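Here is how the chains run, residue by residue.
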Amino acid sequence: MKLINTKAKILSAINLSPTAREISVIPETPLDYIPGMFVNIFIEHEGKTLRRAYSISSDPQQKEVFTVSARLLLGGEMSPIFWSDDIVGKEIKVMGPMGFNTLEKITKKKVYLFAFGIGAGVIKSIAHGLLQRPELEELHIVTGNRDEEELLYRDVFKNLAKEDARVDVMNVLSKPKDPDYGPKGHVPDFVGDLDLSNASIYACGSTKACESLKEKIENGPHKNYDLILEAFG
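I will try to describe carefully the structure that is included in this document. Given the structure is predicted, the values throughout are model-derived calculations rather than measurements.

## Thoughts on the sheet that holds strand β7 (residues 110-116)
Strand order in the open sheet formed by five strands is β9-β8-β7-β10-β11, and the pairing between neighbours is parallel. Lying at the two open borders of the sheet, with one neighbouring strand each, are β9 (167-173) and β11 (226-232). Mean inter-strand twist for the sheet, computed between neighbouring axes without regard to direction, equals 10 degrees. Summarising the sheet, β7 and strand β10 (residues 200-206) pair through five bridges and their orientation is parallel.

Structure below.
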């Protein structure tokens with residue numbers, strides 16, 4: 001995969017939730033990437049060059065434009081810029097793609113993708129890539145979020161399941177606003193209900209969430225599985 005270092009421009013910034021946005025970027029040099037990879041984004045701000053890595057969240061069939069999903073962090077330097085009024089059209093620099101925990105590491109015909117919070121962007125990209133494989137038999141997408149407002153890419157995953165019989169989706173909320181919502185709790189609470197044997201398992205999200213999931217899986221009855229964690233924070 002060719003590493004590029006190029007000028008780019010912010011094409012759009014779309015709200016995914018009160019604290020998350022999807023940023024579309026058009027680089028001067030098209031970015032060829034494998035789902036699961038990330039890019040470094042450089043932004044000039046108040047006389048400083050800010051740099052941060054963001055995982056690519058777009059469909060890998062897109063070449064001219066790619067997206068990243070960003071969480072608004074209190075006290076952060078970079079993320080508040082994506083919420084500024086003049087963000088669309090802003091000139092930036094992009095270096096990438098990079099990363100090792102990519103689509104190519106997922107090899108089995110049954111796949112479980114676990115997304116915690118903003119990690120849903122990575123899972124979205126990987127899901128699009130997996131569905132191009134005719135040999136794929138099952139794709140299970142499990143997301144974990146706090147409440148309905150923070151349930152990222154809900155409609156995207158719902159449409160994937162509607163359009164492809166190989167896909168099913170479970171959205172777990174820890175503190176749903178609807179008292180009748182289910183499934184309620186944390187993703188590891190539901191691992192015992194899943195058949196993870198003979199599956200490739202990929203999880204993306206906070207280190208705490210990923211490690212909790214890993215412990216639950218390793219202490220369960222599941223056999224002959226591959227586990228990949230893309231953890232951050």
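That shown, we press on.
## Let's talk about the sheet that holds strand β2 (residues 20-27)
Taken in spatial order, the six strands of this open sheet run β4-β3-β6-β1-β2-β5, and their pairing is antiparallel. The strands lining the two open edges of the sheet, one partner per strand, are β4 (48-55) and β5 (66-71). For this sheet the average axis-to-axis angle between neighbouring strands, irrespective of direction, equals 35 degrees. Sheet topology places β2 next to β5; six bridges connect them, and they run antiparallel. In the sheet register, Glu22 faces β5, and the bridge partner there is Ser69.

## Notes on the environment of Ala115
Mapped onto the elements of the fold, Ala115 is located in strand β7. Residue classification places Ala115 among the buried residues on the basis of a relative accessible area of 2%. Each C-alpha atom of the pair Ala115 and Glu230 lies 9.9 Å from the other, and the pair is 115 residues apart in sequence. If we ignore the near neighbours within four places in the chain, the residues touching Ala115 are Ala120, Ile123, Val142, Thr143, Gly144 and Cys204.

## Regarding the pattern of salt bridges
Where charged atoms from two side chains of opposite charge come close, those side chains can pair. Counted by the stated rule, this structure contains seven salt bridges. Linking Glu22 and Lys124 is a salt bridge whose minimum nitrogen-to-oxygen distance equals 3.6 Å. Placement of Glu22 in strand β2 and of Lys124 in helix α1 (residues 120-130) is noted, with a sequence separation of 102 residues between them. With respect to burial, Glu22 and Lys124 carry one shared label: buried. One salt bridge in this structure joins Lys48 and Glu77, with 2.7 Å as the shortest N-O distance. Here Lys48, found in strand β4, pairs with Glu77, found in the loop between β5 and β6 (91-98); they are 29 residues apart in sequence, far enough to count as distant. On the basis of relative accessible area, Lys48 is assigned to the partly exposed category, the value being 42%.

## A closer look at helix α3 (residues 207-218)
The end-to-end C-alpha distance of α3, which contains twelve residues, comes to 16 Å, matching closely the 16 Å that a straight helix rising 1.5 Å per residue would cover. Buried within α3 we find Ala209, Cys210, Leu213 and Ile217. Each buried residue of α3 lies within a common arc of 95 degrees when the element is viewed along its axis, so the set occupies one face.

## What to know about the pairing of β10
When a strand is regular, its side chains alternate between the sheet's two faces. When you tally the buried positions in β10, you get six out of seven residues, the bulk of the element. As paired elements, β10 and β11 share seven bridges and run parallel to each other. Opposite Ser200, over in β11, you have Asp226 as the bridge partner. In this region the chain leaves β10, passes through α3 and returns to the parallel neighbour β11; the handedness of that crossover is right-handed.

## Remarks on the side chain of Asn171
Residue placement: Asn171 occurs in strand β9. What makes Asn171 buried here is its relative accessible area of 12%. Here Thr143 takes part through its side chain, which lies 2.7 Å from a polar atom of the side chain of Asn171. The contact partners of Asn171, leaving out residues within four places of it in the chain, are Thr143, Leu151, Arg154, Tyr181 and Pro183.

## A word on unusual backbone geometry
Cis geometry is found at the peptide bond from Gly96 to Pro97, where omega equals 0 degrees. Mapping Pro97 onto the fold places it in strand β6. Pro183 follows Gly182 through a cis peptide bond whose omega is 5 degrees. The residue Pro183 is located in the loop between β9 and β10 in this model.

The rules behind the values
Residue numbering note: each chain is counted from 1, following its sequence as written. Since the coordinates come from a predicted model, pLDDT governs what is reported: local features require at least 70, and pairs of side-chain atoms require 80 or more to be given and counted, while whole-chain, interface and lining totals use all residues. The side-chain values count all of the structure's non-hydrogen atoms but skip hydrogen atoms and water molecules. Here the rule is simple: two strands pair whenever DSSP picks up at least two bridges between them. By the criteria applied, helices consist of DSSP H or I runs no shorter than four residues and strands consist of E runs no shorter than two, each listed in order from the N terminus. All axes here are fitted lines through C-alpha atoms, helices being fitted over the stretch that makes contact, and every angle between N-to-C directions spans 0 to 180 degrees. Partly exposed describes any residue whose relative accessible area lies between the buried limit of under 20% and the exposed limit of over 50%, with all areas from a 1.4 Å probe on protein chains only and scaled to the type maximum. Note on contacts: a residue pair is in contact if any heavy atoms of the two residues lie within 4.5 Å. Just to be clear on terms, a salt bridge is a Lys or Arg side-chain nitrogen sitting within 4 Å of an Asp or Glu carboxyl oxygen. For a helix, the expected span equals 1.5 Å multiplied by the residue count minus one. By definition, the arc is the one covered by directions from the helix axis to the C-beta atoms. Handedness is read with the strands pointing away from the viewer; a crossover is right-handed when the path from the first strand over the helix to the second is clockwise. Nitrogen and oxygen atoms within 3.5 Å of one another constitute a polar contact, given that in protein one can donate a hydrogen and the other can accept it, and given that sequence-neighbouring residues count only through two side-chain atoms.

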